[in-house]
Amino acid sequence: MPTTLETIARRRSATHLIHPGPDEPQLRQILDAAHQAPDHGRCQPWSFILVPQANIAAFGDIVAEAYVRRCHQAGTPVDPERLARERAKPSRAPMFLVAACQPRLDLLIPAHEQFASVAAAVQNLLLAATALGFGSKWTTGPSATDPLVKRALGLDEHQSIVGFIHLGTVPDGAPKRPPRRTTPPSMLVRYWVDENRLSEEFPAAE
Ligand SMILES: Cc1cc2nc3c(=O)[nH]c(=O)nc-3n(C[C@H](O)[C@H](O)[C@H](O)COP(=O)(O)O)c2cc1C
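Report on the accompanying structure. (Residues numbered from 1 in each chain as written. Predicted model: local features only at pLDDT ≥ 70, side-chain atom pairs only at ≥ 80, totals over all residues. Heavy atoms only, no water.)

### Describing the sheet that holds strand S1 (residues 46-50)
Right, so step 1: Taking strand neighbours across the sheet as the criterion, the four strands line up as S1-S2-S4-S3 in an open arrangement whose pairing is antiparallel. Single-partner strands in this sheet number two, and they are S1 and strand S3 (135-139). Looking at each pair of strands side by side, their axes are set apart by 25° on average, direction ignored.
Right, so step 2: Across five bridges, S3 lies against strand S4 (residues 160-168) in antiparallel orientation. Its bridge partner being in S4, tryptophan 138 is matched across the sheet by isoleucine 165.
Right, so step 3: Where helix H5 (residues 111-131) meets the sheet, its contacts fall on S1, strand S2 (95-101), S3 and S4, and the angle it forms with S4 comes to roughly 0°. (Pairing = 2+ DSSP bridges. Helix = DSSP H or I, 4+ residues; strand = E, 2+ residues; numbered from the N terminus. Axes fitted to C-alpha atoms, helices over the stretch in contact; angles between N-to-C directions. Contact = heavy atoms within 4.5 Å.)

Here's what the structure looks like:
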């Protein structure tokens, strides 16, 4: 098993994902990691909805219908190629999950903090999948905020889609995305000196 830092460095969005995806025990491990995210007030604002492969075409139809409806609302023509792409999006990996934020509005924790928790949960999920050897991709796009898509997932106007998560195996020989360039130390962090100055130098020991 890679170390945490190796896993973080290894995670990259995968453009092409093939079978196998995670099996049920692996999925549980991945989701258990997601549920360990920092969570102010223990709101547990995340929820994960897996669309099984048997139902993925039906979900793709809803995503496509939502695109057509957005075109009609905007008075723009439906692009047949884009329509086909929208329909195919959920089925581009062997496993497709929706990560949603269902904030607890009855608690004092602001909704934006709860959204931040869900983003942390998604990153945990991606890192767990990476550690288990899977490729992943987090996507959004217009369908993530589309009311028709949200409603089809049982989400109301207070709830949001934080990401569509695609999981699977990166094919052998797939072009590797280059590792991120190392951030220059001066851009990693700045150090607070006083209300007028941030320094780029690591503070001297006391
Ligand atoms: C909130 C969020 C939404 C994203 N939406 C998309 C998307 O719609 N399409 C896409 O190709 N990538 C999407 N990504 C992935 C980013 O493009 C990707 O993480 C970025 O290019 C860095 O590449 P890496 O993940 O390989 O490090 C999204 C990432 C985040 C965090």
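### Focus on the site of the ligand
Right, so step 1: Every residue close to the ligand is listed here: Arg11, Arg12, Ser13, Lys137, Trp138, Thr139, Thr140, Gly141, Arg177 and Arg180.
Right, so step 2: Interatomic distance of 3.1 Å between a side-chain N/O atom of arginine 12 and an oxygen atom of the ligand.
Right, so step 3: In this structure, tryptophan 138 approaches the ligand through a main-chain N or O atom, which is 2.9 Å from a nitrogen atom.
Right, so step 4: Considered on its own, the ligand offers 620 Å² of accessible surface; in the complex 59% of this is hidden by protein.
Right, so step 5: Across the shell around the ligand, the residue classes break down as one nonpolar, four polar and five charged. (Near = heavy atom within 4 Å. Polar contact = N/O pair within 3.5 Å; in protein donor to acceptor, adjacent residues only side chain to side chain. Areas by Shrake-Rupley, 256 points an atom, 1.4 Å probe, with all protein chains shown as cover. Nonpolar A, V, L, I, M, F, W, Y, C, P; charged D, E, K, R; others polar.)

### Brief notes about the layout of surface pockets
Right, so step 1: Taken as a whole, the largest pocket holds about 480 Å³ of empty space.
Right, so step 2: In terms of lining, the largest pocket is formed by 22 residues, of which the most central are Arg10, Arg12, Ala14, Val170 and Lys176.
Right, so step 3: Classifying every residue of the lining of the largest pocket gives seven nonpolar, nine polar and six charged.
Right, so step 4: The computed volume of the second largest pocket comes to approximately 160 Å³.
Right, so step 5: Lining the second largest pocket are Leu5, Ile8, Ala9, Arg11, Arg12, Gln123 and Arg180.
Right, so step 6: In terms of residue class, the lining of the second largest pocket is made up of three nonpolar, one polar and three charged. (1 Å grid on protein atoms, 1.4 Å probe; cavity = no way out; pocket = protein on both sides within 12 Å on 5 of 7 lines; lining within 4 Å. Points joined across faces, edges and corners; volume = space filled by probe spheres on them.)

### Regarding the packing of aromatic side chains
Right, so step 1: In this structure the tally under the stated criterion is three aromatic pairs.
Right, so step 2: Their ring planes at 45° and their centres at 5.6 Å tell us that phenylalanine 59 and phenylalanine 96 sit as a pair that is tilted. With phenylalanine 59 in helix H3 (residues 56-74) and phenylalanine 96 in strand S2, this residue pair connects regions lying 37 residues apart in the sequence. As far as burial versus exposure is concerned, phenylalanine 59 and phenylalanine 96 are alike and both buried.
Right, so step 3: Relative to phenylalanine 164, the ring of phenylalanine 96 lies with its centre 5.7 Å away and its plane at 20°, an arrangement referred to as stacked. Pair noted here: phenylalanine 96 is in strand S2 and phenylalanine 164 is in strand S4, with a separation of 68 residues, a long-range link. For the pair shown, phenylalanine 96 and phenylalanine 164 are each scored as buried.
Right, so step 4: These aromatic residues form a ring-pair network of at least three members: Phe59, Phe96 and Phe164. (Phe/Tyr/Trp six-rings, centres within 6.5 Å; stacked < 30°, edge-to-face > 60°. Buried < 20%, exposed > 50% of the residue type's maximum accessible area, 1.4 Å probe, protein only.)

### What about the packing of helix H2 (residues 24-34) against H5?
Right, so step 1: Where H2 contacts H5, the axes come no closer than 7 Å and their chain directions differ by 145°. Crossing hand, H2 versus H5: right-handed. Residues Ile30, Leu31, Ala33 and Ala34 of H2 touch H5, and the partners they reach there are Ala121, Asn124, Leu125, Ala128 and Ala129.
Right, so step 2: Residues belonging to the contact of H2 with H5 are distributed by class as follows: eight nonpolar, one polar and no charged. (Left-handed = near helix turned anticlockwise from the far one by under 90°.)

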